[in-house]
Every structure is written in C-alpha cells, then in structure tokens.
Amino acid sequence: MGNFYSNHFIQTEGVPQGSVLSVTLFIIHLSQILNFLPSYVHGSLYVDDLQISCQGSNMNMIERQLQHAVNKLVAWCDKNGHTISAEKSRCVHFCRKRNIHLDPNIQIRNAPIPVVNDIRFLGVIFDRKLTFLPHILHLRKKCERSLNILKVLSRTSWGADRTSLLRIYQAVILSSMDYGCMVYGSARPTVLRRLDTIHHSALRICSGAFRTSPVESLYVICHQLPLHLRRQKISALYFFRAQSVPKHPISQLKFPAFLHRLYAARPSHILPFCERTKMLLHDSDLNNVSVQLSDFFTFPPWEIPQFSFLNPFSGFDKSSTAPVTFQQLFHHHRYQYSSFLPIFTDGSKSDGHVGCGVVSPSDTLSYRLHNSCSVFTAELVAIFCALQEISPSSQRNFIIYTDSMSALETLSHYDTQMHPVGLEILSILQFLRNKSFNIIFCWVPSHVGISGNETADAIAKFASAVLPRALPYVDIKKFFVSRLFSLWQQKWDLLTNNKLHSVKPSIGLWPILPIRQVDVKLSRLRIGHTRFTHKYLIFGERAPVCPTCHQNFTVHHILIECPSFKSHRVDHFHLSSVTLQDLVGEKHHPNIFNFLKTIGFFMSI
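Residues numbered from 1 in each chain as written. Predicted model: local features only at pLDDT ≥ 70, side-chain atom pairs only at ≥ 80, totals over all residues. Heavy atoms only, no water.

Draft legend 1. Spotlight on unusual backbone geometry. Phi is positive for His 223, close to 55°, though the residue is something other than glycine. On the basis of relative accessibility, which here comes to 22%, the residue His 223 falls in the partly exposed class. We note that Ser 436 has phi near 75°; this positive angle belongs to a residue other than glycine. When you line up the elements, Ser 436 lands in the loop between helix H15 (420-434) and strand E13 (438-443). (Buried < 20%, exposed > 50% of the residue type's maximum accessible area, 1.4 Å probe, protein only. Helix = DSSP H or I, 4+ residues; strand = E, 2+ residues; numbered from the N terminus.)

Draft legend 2. View of the layout of surface pockets. Taken as a whole, the second largest pocket encloses approximately 350 Å³ of empty space. Looking at the second largest pocket, it is lined by 14 residues, and the ones nearest its centre are Gly 185, His 228, Gln 232, Arg 276 and Leu 280. Secondary-structure elements contributing two or more residues to the lining of the second largest pocket are helix H6 (189-192), helix H9 (227-244) and helix H11 (273-280). Among the residues forming the lining of the second largest pocket, the class breakdown is 7 nonpolar, 5 polar and 2 charged. (1 Å grid on protein atoms, 1.4 Å probe; cavity = no way out; pocket = protein on both sides within 12 Å on 5 of 7 lines; lining within 4 Å. Points joined across faces, edges and corners; volume = space filled by probe spheres on them. Nonpolar A, V, L, I, M, F, W, Y, C, P; charged D, E, K, R; others polar.)

Draft legend 3. The pairing of strand E2 (residues 49-53), seen in detail. Sheet analysis places strand E1 (residues 42-46) next to E2, joined by 5 bridges and oriented antiparallel. From the neighbouring strand, Ser 44 faces E2, where its bridge partner is Gln 51. Connecting E1 to the next strand, E2, in antiparallel fashion are 2 residues, including Val 47 with a positive phi near 60°. (Pairing = 2+ DSSP bridges.)

Draft legend 4. Spotlight on the domain arrangement of the protein. Segmentation of the protein into domains returns domain 1 (20-116), domain 2 (123-293 + 470-525), domain 3 (309-469) and domain 4 (530-599). Each of domain 1 and domain 4 has a C-alpha centre, and these two points are 67 Å apart. (Domains from an automatic or database assignment.)

Draft legend 5. Spatial organisation of the side chain of Ser 176. Mapped onto the elements, Ser 176 comes out in helix H4 (residues 162-178). By relative accessible area, Ser 176 is classed as buried at 15%. Here the side chain of Ser 176 touches Val 172 through a polar contact of 3.3 Å, landing on its backbone oxygen. Residues within four places of Ser 176 in sequence aside, it is in contact with Leu 139, Lys 142 and Cys 143. (Polar contact = N/O pair within 3.5 Å; in protein donor to acceptor, adjacent residues only side chain to side chain. Contact = heavy atoms within 4.5 Å.)

Draft legend 6. Broad picture of the environment of Asn 71. Locating Asn 71 in the fold gives a position in helix H2 (residues 59-80). Given the relative accessible area of 42%, Asn 71 is considered partly exposed. The sequence separation of Asn 71 and Gln 107 amounts to 36 residues, and the corresponding C-alpha distance is 8.7 Å.

Draft legend 7. Highlighting the packing of aromatic side chains. Going through the model one piece at a time under the given rule, you end up with 20 aromatic pairs. Ring geometry for Phe 344 and Tyr 401: centres 4.9 Å apart, planes at 20°, overall stacked. Of this pair, Phe 344 sits in strand E9 (residues 341-350) while Tyr 401 sits in strand E12 (residues 397-402), placing them 57 residues apart in sequence. A relative accessible area of 8% places Phe 344 in the buried class. On the accessibility criterion, Tyr 401 (0% relative accessible area) is buried. Pairing Phe 485 with Trp 488 gives two aromatic rings, centres 5.6 Å apart and planes at 55°, and the pair type is tilted. With a gap of 3 residues between them, Phe 485 and Trp 488 both fall in helix H17 (residues 473-493), about one helical turn apart. (Phe/Tyr/Trp six-rings, centres within 6.5 Å; stacked < 30°, edge-to-face > 60°.)

Draft legend 8. The UniProt feature "domain: RNase H type-1" (unreviewed entry) in the protein, seen in detail. Residues given the UniProt feature "domain: RNase H type-1" (unreviewed entry) here are residues 337-465. In the segment residues 337-465, helix accounts for 39% and strand for 27%; the C-alpha atoms at its two ends are 32 Å apart. (UniProt positions renumbered as here; feature names shortened; annotations may be inferred.)

Draft legend 9. Looking closely at the packing of helix H3 (residues 133-153) against helix H7 (residues 196-207). With their axes 10 Å apart at the nearest point, H3 and H7 run at an angle of 0° to one another. Taken together, the axes of H3 and H7 are roughly parallel relative to one another. Residues Arg 140, Cys 143, Glu 144, Leu 147, Leu 150 and Lys 151 of H3 form the contact with H7, whose participating residues are Thr 197, Ile 198, Ser 201, Ala 202, Ile 205 and Cys 206. Looking at the contact of H3 with H7, its residues break down into 7 nonpolar, 2 polar and 3 charged. (Axes fitted to C-alpha atoms, helices over the stretch in contact; angles between N-to-C directions. Parallel < 35°, antiparallel > 145°, perpendicular 65-115°, else oblique.)

Draft legend 10. Up close: the pattern of salt bridges. Within this structure, the stated rule accounts for 7 salt bridges. The partner of Asp 78 in a salt bridge is Arg 109, and the shortest N-O contact between them spans 2.3 Å. Here Arg 109 lies in the loop between strand E4 (107-108) and strand E5 (111-112) and Asp 78 lies in helix H2, a separation of 31 residues in the sequence. Relative accessible area serves as the criterion here: at 48%, Arg 109 is assigned to the partly exposed category. Measuring nitrogen to oxygen at the nearest pair gives 3.3 Å for the salt bridge that ties Arg 140 to Glu 144. Of this pair, Arg 140 and Glu 144 both sit in helix H3, 4 residues apart, roughly one helical turn. (Salt bridge = Lys/Arg side-chain N within 4 Å of Asp/Glu carboxyl O.)

Draft legend 11. Structural view of the nonpolar core. If you look at the biggest cluster of nonpolar residues, it comprises 111 residues, and the most contacted ones within it are Met 177, Phe 240 and Leu 387. If one sorts the elements of this core by residue count, helix H13 (residues 375-390) sits on top with 10 residues. Counting contributing residues, this core receives three or more from each of domain 2 (123-293 + 470-525) and domain 3 (309-469). With residues near it in sequence (within four places) discarded, Met 177 still touches Leu 139, Cys 143, Tyr 169, Tyr 184, Leu 195, Ile 198 and Leu 227. (Core = buried A, V, L, I, M, F, W, Y, C linked by side-chain atoms within 4.5 Å.)

Draft legend 12. Spatial organisation of the sheet that holds E9. Spatially, E11-E10-E9-E12-E13 is the arrangement adopted by the 5 strands of the open sheet, whose pairing is mixed. Pairing within the sheet leaves two strands with one partner each, and these edge strands are strand E11 (364-369) and E13. Going across the sheet, the axis of each strand differs from the next one's by a mean of 20°, ignoring polarity. Here E9 runs beside E12; their pairing, made up of 5 bridges, is parallel. Along E12, the bridge assignment pairs Phe 344 with Tyr 401. Across the face of the sheet, helix H12 (residues 323-336) comes into contact with E9, E12 and E13 while running at roughly 165° to E12.

Shown next as structure tokens:
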C-alpha cells in the first residue's frame, strides 16, 4: 500500500487471490492435464471445464478405456494439489439406438459418476441423442423472459426508438440465440423453427408492426436476417476463422469416406458442422478456397518491426494542385534518391476482377487475385511481390513507390491483429534488411502522370496470370456476407405480392424517425397492415369495405385510389396522382401525416 510492501511469503499451492496473473497461471498449469490422457480418449478443456470422450461399438471396451483415463486424471490431480468430485461430474451415453447398450459405470475413488440424459457444457445442453431439443427449449424459455425488457421499454405510441430497441434485442436476446448455433445447428429444421417465434415477436415489438404483418416484411423493415440465414452466416464465418488459426481443432477433423457414402444414402441425416458449411459454400466462389493463417507470434514483443515511409508531396492537396506540379516534385525526389532502384506497385479492383502490378527497371509483373480480395489486399500483395522480386538481386538499394497511403499507414503501426499480408511484408522486409538490403518506401499520388505508377496501374487492371494465394479472413468475411445478403435479396424479389415489396424493392437501411408513435405508424403504412385494415383477421370479422368504391379497404386504396379523398390529396400533396413510394418511401412525404389526420385515418393505423 503506497510506499509500504508486505512481507515475502512462499506460495506452496494455488495462486494468489486477486492477482492479475492468477487466471493465466491457472490455465497454463491446468492445460497440462490433457497430455496425460491415453491416445484412444479425446478431451477438451476450457479453463476448469473438462470433458473426455471415447467412441466405439463395444461398451465394455469403452468403459475400461474411460475408467483408465479417469484414473490417470485423478492421479495427476492428487500429485498437483487438485480434486475431482464425483458428485459434480456427469456421464452421458450418446447413442441414437434404444436400449442396445447398457450405460457405462465410471467411478472416481469408488464413487460412481451419475449417468444423465443431458448435460450442459460451456452453455450448450447436449442430450444423449444429440437432438438439441432440450437446449432449444431452454433457450426459448430464457429468451421469452428477456422479451419483457423490450415490452417495458416501448409501446406503439411511446417509448424508445426502433434503433435502440434493435440494439437491446441484439445484445440481450439475439446474442443468446447466436451462441453455440454452430453446434445446435445440426438439430432438425422443425426443432430450430421453435426459435423463429422469438425472433418474430422481437421484431414486431421493435418495429411496432401490426400482429398480422408478414414475417418477411418484418425482416426487411428491421433489416434483420431470418434466423436460418443468420445461423448460416455465423457458422460459415466461424469455419473460415478456424481455418485461419494454426492448429485449430476443427482443421484436424477428417470426414471418413465411408461416412460420405452413409450420408449420401441417407439424405435425411444432418451432416456434421464442417460438411454442412462446405455445402453452404458449394455454389459460391468460396468453395475450396484456402484461408491465410494469422500468425500472432511472427515477431516477439522485444523485436517489434520498425517501418517508415517518405512523402515528398505532403502539403499539396491533390484536388487543387496541377498534375505537372506533382511530376516536378517527383523528378526532384528521384534526383535525391538516384542511387536507389525504383519499383512501382499498384492494386486494382473492378467488377469481377482484382489484380496487382509491379514495375521495376528490368521487368514488369502482374497477377490476378481472387474476386473476394479487396483493393487494400491487392495493394499489399503488390508490395509483397515487389519484395520477393528484390530478394535474389545483387543490388542492395531499392525504393518502393505505392499510391496506397492506407497500406503504408498499416505497415507503420504494427499490431498482432494486423492484415496477414502486412505481417508477411514486415517479415520478409526484416529478412532482407538482415542481408544488408537498404529498402525505402515512398508514397506517390495516383493518376497525376507519374509514368511508373501509371504503368503499374494499367498492368494491374488487365492482369491475367492467376496468383495462387490463400485469402485473408477479413476479405472472405466481407465477400460471404455480401453473397448472403444477395441471396436474401433474391428471395425478396420473388415476393412481388408482398405489400412492402412495392414500397421497398431493395433491402437496405432506411432512416428511422426519432418519435416512436410516428415511426410505428409509418412502418405500418409501408408494410400495408394496420389496425383498421387488418384487425378483422384477429377477431374473425368481415373485411372493412369502402362505401364509395365497394371494395376492401387497404392502405393503397386509402392513400392512392379512393376518389373520396382526391381533393385532400391535391391539397396536401399538390398532385392528383401519386404513388406509394412518393408518400411512404425512403423519404416519406412531409404532409403524409397531416393528410391522414384530415381524413380521420391517423388514429386507426
């Protein structure tokens, strides 16, 4: 405390309570326990949550193997000052067939481990038939209670705005349904659909939509994916993220050939996680792509790479400076660094084409990259290719020119989470500098007539030679999410009879009105389901009929067609003919609510 220190003492066992290193030291110590498992028993450990498993067709053999593994774990714990409790341990016998095998009898110090029908491990409930029905029922009940948070925060006429409600829903409820969906996603579709009612109820509360509103309209008006597409998104991104991590357990899973034949013969059986994800990617450009590994330990903390670059054009704004001025500045710069061989790099991205180019005094290189790569990745790959081209040279002084300030800034700020191609560049740059290479980087403005940069840009745009490279996770993620939203848009395009589709044919984020009551009424008008026009569906009544036109009242009829309100339309909209998009589109008409109040429809929405 202050300038006073406590007396020294020896920690004979355990870790100091409250120490910042206690958890880390405990994890490092306990992680050794997996090394004492026999090869025929598999185990996984998260902090102090341990599970071991063994599979086979002979229950007596499985029982002996598991008992042997448990005895080894107990011996390790006794030696290292830990205790395994039989009362807190559980055993589950996973088998789809009924009453063929007896449950195993596993003991800890002669105390039997209870055999149960389901077990919670890291927040997911596993039942013995792996239907995940207990987990989904528990999850649904938990989320139903959490829906009350949204209900007390808002009503249709007052309360929090839609943006705030959606954020609360995503943080409190949707996050619970997202967690572990890669695991419980193997449940039957009929079981998974039990969670859809939670999703729909939450979106109705957030948007204030009427109870009869179609669920497809709820997805679009709130800009929220359907749960089955959301699970596909999370599962695929987890699959790609796991591939980017060296020695991830998932990358070591192999699907035997005989199981391929088994699942092909029984299409009703749901595939394991990795195979399900590969099926999702089968029709996309990401099928069979390799993900670039992210090596977080490329540089130790005491050898952080140093990177800097030149900018001889600082102080000159490109929008207000003539190209000839930049050319003169570049010629002066080249005069100063005439002893350095210039190498120009550039990346290019257009519809259906991504390329990079490298221009040196003796050669030019151009490569085509995967369509999912960003232009930022293309710029970094161009720099990496330039460094590879430099490596066998006998010349030692080089200067690399690039028009990507973002690439240079990224390389200047080293971080373990930085772009994997950036880590490759810093690694090869350190290697070359250790071999006495003197390499300088310099930024140049694009499209101002600097010949080397213009040449690199041209060859990058028309590159045809494919460069086989693993793809960065960040590019794959953006590309896959874009494809998933395109799939959602295609399904939405088919719903031409949906009332919201005529107002909002393209899925996207629209402005939200800050006043809850007005925003709810506008949402109901866009969806086409209001209390006045659709409450008959709830109470089993007849649809309301327009006394003038003798047809059912609809939002379209009231706002656009009915001649009884024509004079009011001209007064408020100054047009005799208007469309729904004019009135309730992305930018709604400023007089729409005054019109509704005038005809007496505002309070009936």
